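Per-entry structural report
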Amino acid sequence: MTVTTTTQSERLIDLDDLTPLIETTTSADPAQVYERLRARWGNVAPVLLEPGVPAWLVLGHRELVTVLRNESLFARDSRNWSLLVDGTVRPDRGVGGVLAPRDGIYYVDGVRHRHLRRLVDDAFESIDEHRLATIVEQWCGIALDRLLAKGEGDLVGDYARAVPILVMSTIFGLDAPQSRDMLRHAQRVFQAEGAAGRESLNAQRALIADLIASRRAEPSDDLTSAILNHPSAPTDLDAQSAVSATLILGSEFEVAWITQALRMRLTDPRFDGRSGGRLSAPDTLTAVLGSAPPAPNAAPRFALADTTLGGRKILAGDAVVPGILGASAESRASGDDIWMESGNLSYLTWGAGPHACPARRPATVIAQVAVGAALRRLGGITLTVPPEELRATGTLWSSVPRELPVRFEEQRPAR
């Protein structure tokens, strides 16, 4: 990949001089990394996905919306990635293993994507939000009971990483033991690398395949049955693609959103004095989307033709990464004020265009109930390490505090 402008002759850039994209998700101050990149390169900056693998990072709001909405020019299917096609990136290792072509709602375009998207959209449209909230409250109660019995714990590992996958597993039709199995495999995928991680991911997929076979034979009142019963007559492969992508990847978004909201409540002084110091869960979650989104970067798009974006010449086959947090910061209307509606571009977290998040409504219910339950029940909560010692862990696209170690006393009703 070469770096060019519309006003200068082509100039080659030393790849060793580029910033690794992982710094935007694991830095102690990700916003500073985005601003440093913008100051040097403008609204479209060259970065490294991994050593020797360049990409473009979109940091401007106008440019970001262009990429997200224009499927005819910026495709999600990595079969259009020149570095994968020419063998520079291997599909079985590193970033190639993450971005390799696969059949799923997040990975395909065109007719196939629209078919899978209809299955998911219609299934989520059928959700009873009151029933969903009840399921979330039940799993939150179990997790919080265990935390309160100890008087201390990690709000990431003991709560935020548990609740979303348990809830998503339940609404797709897994029973309680199967949902706990899905959680155990998800935790192993997160903690393990290489063969161990792939083994756990395969175990998750096996659970989903068994669920689909079961619901094909005996439908029930769950999202998997809704997908299988869709008027378009989906195949088992269609259903596996739809369920796997939404259950597994969707849960990771929820983990990050809930964790960042709890972190903000524990560490951010901008909450002082608002609503008497007691912000609602919806307010907290909205603030997170605007200032510390669960997905600071979206999955790459791949240019289908030579084009110009933000003054940069993008070549056909280049990877283009939507920088959600960078573009939100670029357009913020009032400096550090996360409450200014005109500047809070939190909607960008949900994406735009054909690949916009299909689960915005249920995702919001899950996050609001989970954060609200924690705030109600965890009285006198105290972070046991200085806020500056908290470290982020994540991928090229997501960012989550590694842990939120706390101690607390159960908040008891007033007599």
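Conventions used here
- Residues numbered from 1 in each chain as written.
- Predicted model: local features only at pLDDT ≥ 70, side-chain atom pairs only at ≥ 80, totals over all residues.
- Heavy atoms only, no water.
- Pairing = 2+ DSSP bridges.
- Helix = DSSP H or I, 4+ residues; strand = E, 2+ residues; numbered from the N terminus.
- Contact = heavy atoms within 4.5 Å.
- Axes fitted to C-alpha atoms, helices over the stretch in contact; angles between N-to-C directions.
- Expected span 1.5 Å × (residues − 1).
- Buried < 20%, exposed > 50% of the residue type's maximum accessible area, 1.4 Å probe, protein only.
- Salt bridge = Lys/Arg side-chain N within 4 Å of Asp/Glu carboxyl O.
- Phe/Tyr/Trp six-rings, centres within 6.5 Å; stacked < 30°, edge-to-face > 60°.
- Lys NZ or Arg CZ within 6 Å of the ring centre and 35° of its normal.
- Parallel < 35°, antiparallel > 145°, perpendicular 65-115°, else oblique.
- Left-handed = near helix turned anticlockwise from the far one by under 90°.
- Nonpolar A, V, L, I, M, F, W, Y, C, P; charged D, E, K, R; others polar.
- Polar contact = N/O pair within 3.5 Å; in protein donor to acceptor, adjacent residues only side chain to side chain.
- Core = buried A, V, L, I, M, F, W, Y, C linked by side-chain atoms within 4.5 Å.
- pLDDT = per-residue confidence, 0-100.

As a further point, take the sheet that holds strand E2 (residues 44-50). A sheet is described by the order of its strands in space; here 6 strands give the open sequence E1-E2-E3-E9-E6-E4, paired in mixed fashion. Lying at the two open borders of the sheet, with one neighbouring strand each, are strand E1 (19-20) and strand E4 (74-75). Where strand E3 (residues 53-58) meets strand E9 (residues 319-322), 3 bridges bridge the pair, whose relative direction is parallel. Counted as the bridge partner of Val58 is Pro322 from E9. Contacts between helix H2 (residues 30-41) and the sheet are confined to E1, E2 and E3, with E2 contributing the most and set at about 125 degrees to the helix. Helix H3 (residues 61-69) contacts E2, E3, E4, strand E6 (301-303) and E9 of the sheet and is inclined by roughly 115 degrees relative to E9.

Turning next to helix H6 (residues 110-125). When the terminal C-alpha atoms of H6 are compared, their 22 Å separation across 16 residues agrees well with the 22 Å that a helix rising 1.5 Å per residue should span. Where H6 is concerned, the buried positions are His113, His115, Leu116, Arg117, Leu119, Val120, Ala123 and Phe124. Packing partners of the buried residues in H6 comprise helix H9 (163-172), helix H12 (223-228), helix H13 (236-267) and helix H16 (360-377).

What follows covers the pattern of salt bridges. Counted according to the given criterion, the structure contains 17 salt bridges. We note a salt bridge from Asp77 to Arg79, for which the minimum N-O separation is 2.4 Å. For Asp77, a relative accessible area of 8% puts it in the buried group. On the basis of relative accessible area, Arg79 is assigned to the exposed category, the value being 57%. With a closest N to O distance of 2.8 Å, Arg377 and Asp145 form a salt bridge. On the criterion of sequence distance, the pair formed by Arg377 in helix H16 and Asp145 in helix H7 (residues 129-150) is long-range, its members being 232 residues apart. Residue class for Arg377 comes out partly exposed when judged on its relative accessible area of 23%.

Below, the discussion takes up the packing of aromatic side chains. Considering all chains together, one arrives at 5 aromatic pairs under this definition. Ring centres of Phe253 and Trp350 lie 5.3 Å apart, and the angle between their planes is 40 degrees; on these two criteria the pair is classed as tilted. Taken as a pair, Phe253 in helix H13 and Trp350 in the loop between helix H15 (324-331) and H16 lie far apart in primary sequence, 97 residues in all. Summarising the burial analysis for this pair, Phe253 and Trp350 share the class buried. Here a set of aromatic residues connected by ring pairs shows up, and it is made of Phe253, Trp257 and Trp350. A cation over a ring is seen here: Arg102 above Tyr107, with NZ or CZ 5.0 Å from the ring centre.

Moving on: the packing of H7 against H9. Between H7 and H9, whose axes approach to 9 Å, the crossing angle comes to 140 degrees. Between H7 and H9, the angle falls in the class oblique. Considering how the two elements wind past one another, H7 and H9 form a crossing that is right-handed. Contact residues: H7 offers Leu132, Ile135, Val136, Trp139, Cys140 and Ala143, while H9 offers Val163, Leu166, Val167, Thr170 and Ile171. In terms of residue class, the contact of H7 with H9 is built from 10 nonpolar, 1 polar and no charged.

Quick look at the side chain of Asp222 now. Position of Asp222 relative to the elements: it lies in the loop between helix H11 (194-217) and H12. A polar contact is formed between the side chain of Asp222 and the backbone nitrogen of Thr224, at a distance of 3.2 Å. Sequence-distant contacts of Asp222, defined by excluding residues within four places in its chain, comprise Ile171, Phe172, Gly173 and Arg215.

Let us look at the pairing of E3. The buried count for E3 comes to 6 of 6 residues, which makes it a mostly enclosed element. Residue alternation in E3 divides its side chains into two sets, Val53, Ala55 and Leu57 and Pro54, Trp56 and Val58, and both sets are buried. Counting the residues in the hairpin turn of E2 and E3 gives 2 residues, including Gly52, whose phi is positive at 80 degrees.

With that out of the way, let us pick up the nonpolar core. Nonpolar side chains in soluble globular proteins generally cluster together in the buried interior. Within the largest apolar cluster, 77 residues are counted, with the highest numbers of intra-cluster contacts made by Tyr159 and Phe172. Take this core: its biggest share by element is 13 residues, from H13. Residues within four places of Tyr159 in sequence aside, it is in contact with Cys140, Ala143, Leu144, Leu147, Asp154, Pro164, Leu262, Ala370, Ala373 and Ala374.

The next subject is the confidence of the model for the protein. On average, residues of the protein carry a pLDDT of 86, and 87% of them reach 70 or more. Taking the mean pLDDT of every element in the protein, the minimum, 75, falls on H15 and the maximum, 98, on E6. Across residues 272-276, confidence stays below pLDDT 50; counting only partners more than four residues off in sequence or on other chains, it has 3 contacts. Per-residue pLDDT stays below 50 along residues 333-344; that stretch engages in 22 contacts with residues further than four places along the chain or on separate chains.

Think of an α-helix as 3.6 residues a turn; residues three or four steps apart then line up on the same face. Its 18 residues place the ends of H16 26 Å apart at the C-alpha level, agreeing with the 26 Å of an ideal helix rising 1.5 Å per residue. Among the residues of H16, Pro362, Ala363, Val365, Ile366, Ala367, Val369, Ala370, Val371, Gly372, Ala373 and Ala374 are the ones counted as buried.

Below, the discussion takes up the side chain of His113. Topologically, His113 is positioned in helix H6. According to the relative accessible area criterion, His113 is buried, its value standing at 2%. Look past the residues within four positions of His113 in its chain and what remains in contact with it is Ile105, Val108, Pro354 and His355.

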